[in-house]
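Chains, contacts and geometry: an overview
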Amino acid sequence: MIFGRKRRRGETTELYDRHHNGTADSYGDPYGDADSDWDDEDALHLGDARFESDHRRTRLTSTLGCLLPLGLLALIAGGGYYGYQRVQDAVGSNSCKVRDDRFDYQWSPEQVANSATISMVGTDVLRLPTRASQIANATAIQESKLRNLRSGDRDSLGLFQQRPSMGWGTAEQILDPVYASRRFYAALVKVDQWQTRPLTEVAQDVQRSGYPEAYADHETQGRVLATSFEGKFPESLGCRLDDPTEPGSPTDVVAKLREQTGVTATPSGKYVTVRAQSTKQAWGIGHWAVAHAQSEQISSVVVGGRAWNRTSDRSGWTWDKATNPTASATTVRIELH
């Protein structure tokens, strides 16, 4: 028997009355024997009926069915990204980032150290425009990927793959980054209209390469490196490095600064101090010091109120507020291990 119940929302009056308003049966059922009037057609009708409560449940179930998987995926992705970042902090390799106001490139410590030498020999020692160090960096990227190679095509050597047999110097000289840079610039300034002609044409006039168009591929990278060591963009170079493996030599850093940047530095204990002529030059020296931190066992570099501190995690790519600032924005303090 179908016992009496409240009318469901959406149920027709005819259907409700038909099954729930019958007369009493022989057992005293005030609703009558509703089963006696129940047929297959009625069952089919009720089975197909869609009431408002059914719609609400269906919409809620569908919504939850969509949101729960998405939420689970977001949780997994978030946890995976966090884990990835932790792994990167823990096991990331020694690397450096160099940037300007638009681009950001990652290099090895060896590459940025060589770029620092190339750049500052051109702009600070030889007093050439930044355009010269841009061309030199782009050329060295193409020729050696900024590595001081001890071999190459035929007798080509060094950063610029210069050949002793073509009059660039002895093998020992060419493998000296300062000498190789000076020789490149000496040839560059002899090229007609080198400051205004397309970079790839000028580089080709110096190098006489079998791939003359390839230099253009590195024009932007060359500019970013050159402007960083010019000091145009403060804090534009940082390196994440493992701890120093041996004590550094302040006197060696002073001599290297003199040869590669032309500045006179002062050693004192484990520190080397440079008093630059401008804030821009100070930042160029600061970036040079970070670039050479691995080879010279440098632990920290401070320019004015900003500091780079050696660390193996990704914070080594950035500068922070200095806990012990230098006396002025033009003073650079280099601390060795």
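Just so we're clear, the structure is a prediction, and the values are computed from it rather than from any experiment.

Quick look at unusual backbone geometry now. Positive phi, close to 55°, is recorded for Arg154, a residue that is not glycine. With respect to the secondary-structure elements, Arg154 resides in the loop between α5 (130-144) and α6 (171-174). Assessed through its relative accessible area of 65%, Arg154 is described here as exposed. Its identity as a non-glycine residue notwithstanding, Gln161 has a phi of 50°, on the positive side. By secondary structure assignment, the location of Gln161 is in the loop between α5 and α6.

Turning our eyes to something else, we now look at the sheet that holds strand β3 (residues 237-240). On the basis of which strands lie adjacent, the open sheet formed by three strands has the order β2-β1-β3 and antiparallel pairing. At either end of the open sheet lies a strand with only one pairing partner, and these are β2 (104-107) and β3. On average, each strand axis in the sheet is tilted by 20° relative to the strand beside it, whichever way the strands run. Note: strand β1 (residues 95-99) against β3, four bridges, orientation antiparallel. The residue bridging Val98 from the neighbouring strand is Leu237, located in β3.

For any pair of aromatic rings, the description consists of the separation of the ring centres together with the inter-plane angle of the planes. Throughout the structure, instances matching the rule amount to five aromatic pairs. Aromatic pair Phe103 and Tyr105: ring centres 6.3 Å apart, planes at 10°, arrangement stacked. Relative to Trp107, the ring of Tyr105 has its centre 6.5 Å away and its plane inclined at 50°; by these criteria the two rings are tilted. Residue classification places Trp107 among the buried residues on the basis of a relative accessible area of 8%. In textbook terms, an aromatic cluster arises when at least three aromatic residues are bridged by ring pairs, as seen for Phe103, Tyr105 and Trp107. The ring centre of Trp317 lies 4.3 Å from the NZ or CZ of Lys97, which sits over that ring. When the ring centre of Trp317 is taken as origin, the NZ or CZ atom of Arg240, which lies over that ring, is 5.4 Å away.

Quick look at the confidence of the model for the protein chain now. Summarising the model, the protein chain shows a mean pLDDT of 84, and 73% of its residues fall at 70 or more. This model gives residues 22-53 a pLDDT under 50, and the stretch forms 42 contacts once residues within four places in sequence are excluded.

Parameters at a glance
- Residues numbered from 1 in each chain as written.
- Predicted model: local features only at pLDDT ≥ 70, side-chain atom pairs only at ≥ 80, totals over all residues.
- Heavy atoms only, no water.
- Helix = DSSP H or I, 4+ residues; strand = E, 2+ residues; numbered from the N terminus.
- Buried < 20%, exposed > 50% of the residue type's maximum accessible area, 1.4 Å probe, protein only.
- Pairing = 2+ DSSP bridges.
- Axes fitted to C-alpha atoms, helices over the stretch in contact; angles between N-to-C directions.
- Phe/Tyr/Trp six-rings, centres within 6.5 Å; stacked < 30°, edge-to-face > 60°.
- Lys NZ or Arg CZ within 6 Å of the ring centre and 35° of its normal.
- pLDDT = per-residue confidence, 0-100.
- Contact = heavy atoms within 4.5 Å.

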